[in-house]
Amino acid sequence: MATTDRQGWSGDATQETLQELVALGPELVVDSAGLARRQSVEIDTVERLVRPMQRVSRVIFVARFWRGDLMNLAETLFGEEASQIVDSEHLTEAEAAAEKLVAAKVKPTTRSHAQSWEHARAVVGLKDEEQAEWLDKSRAEEWSARKLANEIEAAKAGPGKTTMRFWLVVECGTEARRDKLADELGPRGYHVKKQEKLTKVAKPKKAKRKGPVTAQRKHKGAPKRNTRQRPPK
């Protein structure tokens, strides 16, 4: 007898649906290359595309939470063997560490308060009730994830107080290397600010040729003698 999951799919139907990357309804087909219309099904009103759009947006929002939950579950069940489920072509070690941390520190009941996965990442160092309060405030004020992180940091220092801050400025050479380093440092509790700056590339100076010392060059380099004649006494 086929079982039914919480979304109403039976076991047989679920296996059939998994042939698509994401099931959006009878009108659309989604695979690893993109989204296309199923020609056998008529789309007579724009409202028929509202629900699929909402579903795609929701999947984008929760995908990194799912992945973090899945990696944490694998570690709980299989320990070090859990690393086998991570495909390095799609997920770096730094990204995996960040997603596992957020999934472990931010509960599913709190995630719904977040505007994005990045916003949830900004509150990982807070208590559960504080996380929800800050995320609600961020949503109301329409803060970016960076703004939220800065506001939390400022609140820790307290009003009217000063705090000693220590900075390490690192030139990374490329955007990819910078982003990779930022992803590695963020989960470890460092406040990372990304920045770009245009600088002029200095032209290399041409080295002066040093040829053999000739009589002429030696004469040119010698100090000039005083050739003025002294008046007779």
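Residues numbered from 1 in each chain as written. Predicted model: local features only at pLDDT ≥ 70, side-chain atom pairs only at ≥ 80, totals over all residues. Heavy atoms only, no water.

1. Section: the overall build of the protein chain
- Within the protein chain, the regular secondary structure consists of nine helices and two strands.
- Written out in order from the N terminus, the α and β elements of the protein chain read α-β-β-α-α-α-α-α-α-α-α.
- Burial analysis of the protein chain (233 residues in total) assigns 21% to the buried set.
- Contacts in the protein chain between residues far apart in sequence, at least 24 positions, make up 41% of those at least 6 positions apart. (Helix = DSSP H or I, 4+ residues; strand = E, 2+ residues; numbered from the N terminus. Buried < 20%, exposed > 50% of the residue type's maximum accessible area, 1.4 Å probe, protein only. Contact = heavy atoms within 4.5 Å.)

2. Some words on the pattern of salt bridges
- All told, the structure shown has 13 salt bridges when counted by the stated rule.
- Between K147 and E151 there is a salt bridge, with the nearest N and O atoms lying 2.6 Å from each other. Placement of the pair is K147 and E151 together in helix α7 (residues 145-157), with a separation of four residues, close to one helical turn.
- Given a relative accessible area of 25%, E151 falls into the partly exposed group.
- When the shortest N-O distance is used, the salt bridge between R178 and D179 registers 3.1 Å.
- The exposure class of D179 is partly exposed, given its relative accessible area of 22%.
- One salt-bridge network, held together by shared partners, links E175, R178, D179, K194 and E196. (Salt bridge = Lys/Arg side-chain N within 4 Å of Asp/Glu carboxyl O.)

3. What to know about the nonpolar core
- Counting residues in hydrophobic clusters, the biggest one holds 16 residues, and the most contacted among them are F65, V102, A120, V123, W134, L148 and I152.
- The dominant element in this core, judged by the number of residues it contributes, is helix α2 (residues 50-78), at three residues.
- Apart from residues no more than four positions distant in its own chain, L148 is found in contact with H119, A122, V123, W134, L135, S138 and W143. (Core = buried A, V, L, I, M, F, W, Y, C linked by side-chain atoms within 4.5 Å.)

4. Some points on the environment of A132
- Within the fold, A132 resides in helix α6 (residues 128-141).
- Excluding its chain neighbours within four sequence positions, the residues that come into contact with A132 are T110 and H113.

5. Things to note about the pairing of strand β1 (residues 28-31)
- Residues of β1 alternate between two faces, with L28 and V30 buried on one and V29 and D31 left unburied on the opposite face.
- Pairing of β1 with strand β2 (residues 34-37), which is carried by four bridges, proceeds in the antiparallel orientation. By the bridge assignment for β2, L28 is matched with R37.
- Counted along the chain from β1 to the antiparallel partner β2, the turn is two residues long. (Pairing = 2+ DSSP bridges.)

6. Some remarks on a nonpolar patch on the surface
- A surface patch of nonpolar side chains, about 520 Å² in accessible area, is lined by L70, L73, L77, F78 and I85.
- Residue position: L70 is located in helix α2. (Patch = residues over 30% accessible without salt bridge, like charges linked within 9 Å, V, L, I, M, F, W, Y side chains within 5 Å. Areas by Shrake-Rupley, 256 points an atom, 1.4 Å probe, with all protein chains shown as cover.)

7. A closer look at the packing of aromatic side chains
- The full count for this structure, using the stated rule, is two aromatic pairs.
- Ring geometry for W134 and W143: centres 6.4 Å apart, planes at 35°, overall tilted.
- Judged by its relative accessible area of 17%, W134 falls in the buried class.
- R64 extends its terminal NZ or CZ atom over the ring of W117, reaching a point 3.8 Å from the ring centre. (Phe/Tyr/Trp six-rings, centres within 6.5 Å; stacked < 30°, edge-to-face > 60°. Lys NZ or Arg CZ within 6 Å of the ring centre and 35° of its normal.)

8. Thoughts on the packing of α2 against helix α3 (residues 93-105)
- In the contact formed by α2 and α3, the axes pass within 8 Å of each other and the chain directions differ by 90°. Judged by the angle between their axes, α2 and α3 are roughly perpendicular. Packed against α2, whose contacting residues are R64, F65, R67, G68, D69, M71, N72 and E75, the element α3 presents E95, A96, E99, K100, V102, A103 and A104 at the interface.
- When its residues are assigned to classes, the contact of α2 with α3 shows six nonpolar, two polar and seven charged. (Axes fitted to C-alpha atoms, helices over the stretch in contact; angles between N-to-C directions. Parallel < 35°, antiparallel > 145°, perpendicular 65-115°, else oblique. Nonpolar A, V, L, I, M, F, W, Y, C, P; charged D, E, K, R; others polar.)

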